[in-house]
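Letter by letter, the chains look like this.
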Amino acid sequence: MIFSILAFITLIISICIKDRKRSLCVQSLNCLFEAIYNFIISAFTGAFLSIINLIRSFLFINKKKFSKRVYLIMLIVFESIIIINCLYTWQGFISLLPTIGSMIRSYCLWQSNMKLVRISGITTGILYGSYYIYYHSWFMVLGDFILLLTGIYTLYKNDIRRKSNNEVICN
């Protein structure tokens, strides 16, 4: 239970942080805690995805150290690994939920736009929340529901409301 609490807390914090690099550092902690928790509840697709996502987050933190071509190849490699993981850990159609969620999250974290990180919090909340319903992991369902609400709120606060305020000021 402690790992699910830590995973929940770090995930919520990661989408509230405005700085991409700091957000990815906290996201890395989330991946570690989530991997441990998923292994404990035997949710192996999610566990392996969390390990993949941990590695991905560490590499994406150092975006500026890679050429654009290498960075694009990294995204393709991670997306491919996510698909392969789904095939190897297939437990029925339920395996598609974290797979799709991780693919969306990888793409969004690969970008430099924090708006996409917040959007990925919304998709993660929906897809992983549904995955954890299947595994009767109610604390993680609650956490993903709160993530969904937090993602919507931070997206509105930082992107939608700010954009509409800028339009009013400019006119």
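This write-up is about the structure you can find in this document.

Each value, and the rule that gives it
Going along each chain's sequence as written, the residues are numbered from 1 onward. Local features are withheld for residues below a pLDDT of 70 in this predicted model, meaning they are given only at 70 or higher, and side-chain atom pairs are given and counted only at 80 or more; totals for whole chains, interfaces and linings count all residues. In computing side-chain properties, one takes all heavy atoms of the structure into account and sets aside hydrogens as well as water. Secondary structure elements are defined from DSSP: runs of H or I of at least 4 residues count as helices, runs of E of at least 2 residues count as strands, and each element is numbered from the N terminus. For every residue, the accessible area (1.4 Å probe, protein chains only) is compared with the maximum for its type, and the residue is labelled buried under 20%, exposed over 50%, or partly exposed between those bounds. By definition in these notes, contact holds between two residues if any of their heavy atoms fall within 4.5 Å. With residues, only the protein chains shown are counted as cover, and all accessible areas are computed by Shrake-Rupley using a 1.4 Å probe. Under this definition, polar contacts are N or O atom pairs within 3.5 Å; protein pairs additionally need one hydrogen-donor-capable and one acceptor-capable atom, and for neighbouring residues in sequence, both atoms have to be side-chain atoms. Disulfide assignment relies on a single distance test, namely cysteine sulfur atoms paired within 2.5 Å. Space inside and on the surface of the protein is sampled on a 1 Å grid over the protein atoms alone, with a cavity defined as a set of points where a 1.4 Å probe fits but cannot get out and a pocket as an open set with protein on both sides within 12 Å along at least 5 of 7 lines; lining residues have an atom within 4 Å of a point. Grid points are joined across faces, edges and corners, and a volume is the space filled by probe spheres set on the points. Polarity classes work like this: nonpolar for Ala, Val, Leu, Ile, Met, Phe, Trp, Tyr, Cys and Pro, charged for Asp, Glu, Lys and Arg, and polar for all others, with Gly in that last group. A patch consists of residues exposed above 30% relative accessible area that lack any salt bridge, with like charges linked at up to 9 Å and nonpolar side chains (Val, Leu, Ile, Met, Phe, Trp, Tyr) linked at up to 5 Å. Salt bridge, as applied in this entry: a Lys or Arg side-chain nitrogen positioned within 4 Å of an Asp or Glu carboxyl oxygen. When charges are tallied, Lys and Arg are placed among the positive residues and Asp and Glu among the negative ones, while His and the ends of the chain are skipped. Charge placement uses NZ in Lys and CZ in Arg. For Asp and Glu, CG and CD serve respectively.

Observations concerning the overall build of the chain
Part 1: Check the secondary structure of the chain and you find seven helices and zero strands.
Part 2: For the chain, the α and β elements follow one another from N to C terminus as α-α-α-α-α-α-α.
Part 3: In terms of its C-alpha atoms, the chain occupies a principal-axis envelope of roughly 55 × 40 × 25 Å.
Part 4: By residue count, 49% of the 171 residues in the chain fall in the buried class.
Part 5: Sequence-distant contacts in the chain: of pairs separated by 6 or more residues, those separated by 24 or more amount to 68%.
Part 6: Split by element, the accessible area of the chain, about 9,000 Å² in all, is 72% carbon and sulfur.

Here we look at the environment of Ser 120
Part 1: Topologically, Ser 120 is positioned in helix α6 (residues 114–134).
Part 2: A residue is classified by how much of its surface remains accessible, and Ser 120, at 0% relative accessible area, is buried.
Part 3: Separated by 67 residues in the primary sequence, Ser 120 and Asn 53 place their C-alpha atoms 13 Å from one another.
Part 4: Those residues in contact with Ser 120, other than ones at most four positions away along the chain, are Arg 105 and Cys 108.
Part 5: Looking at Ser 120, its side chain comes within polar contact range of the main-chain oxygen of Val 117, at 2.7 Å.

Structural notes on the state of the cysteines
Part 1: A full pass over the atoms with the stated rule returns zero disulfides.
Part 2: Residue Cys 25 stays outside any disulfide, its sulfur separated by 12 Å from that of Cys 31, the closest cysteine.
Part 3: Cysteine Cys 108 is unpaired, with the sulfur of Cys 31 as its nearest cysteine sulfur at 14 Å.

Points about empty space enclosed by the protein
A water-sized probe, rolled over the atoms, reveals where empty space remains.
Part 1: For the structure shown, the criterion picks out two cavities of 30 Å³ or more.
Part 2: By volume, the largest cavity is sized at about 100 Å³.
Part 3: Going through the elements one at a time, α2 (20–40), α3 (44–61), α5 (96–110) and α6 are the ones with two or more residues in the lining of the largest cavity.
Part 4: For the lining of the largest cavity, the element with the most residues is α2, which contributes four residues.
Part 5: Considering only residue class, the lining of the largest cavity consists of three nonpolar, six polar and three charged.
Part 6: By volume, the second largest cavity amounts to about 30 Å³.
Part 7: Around the second largest cavity sit Ala 7, Phe 8, Leu 11, Glu 34, Met 140, Gly 143 and Asp 144, which together line it.

A word on a positive patch on the surface
Part 1: Taken together, the side chains of Lys 18, Lys 157, Arg 161 and Arg 162 define a basic patch exposed on the protein surface.
Part 2: Assignment of secondary structure puts Arg 162 in helix α7 (residues 138–170).

Side note on a nonpolar patch on the surface
Part 1: Together, Phe 39, Phe 44, Phe 48, Ile 51 and Ile 55 make up an exposed nonpolar region whose accessible area comes to about 410 Å².
Part 2: Ranked by the residues each element gives to the nonpolar patch, the list is headed by α3, at four residues.
Part 3: Relative to the helices and strands, Ile 51 resides in helix α3.
Part 4: Assessed through its relative accessible area of 34%, Ile 51 is described here as partly exposed.

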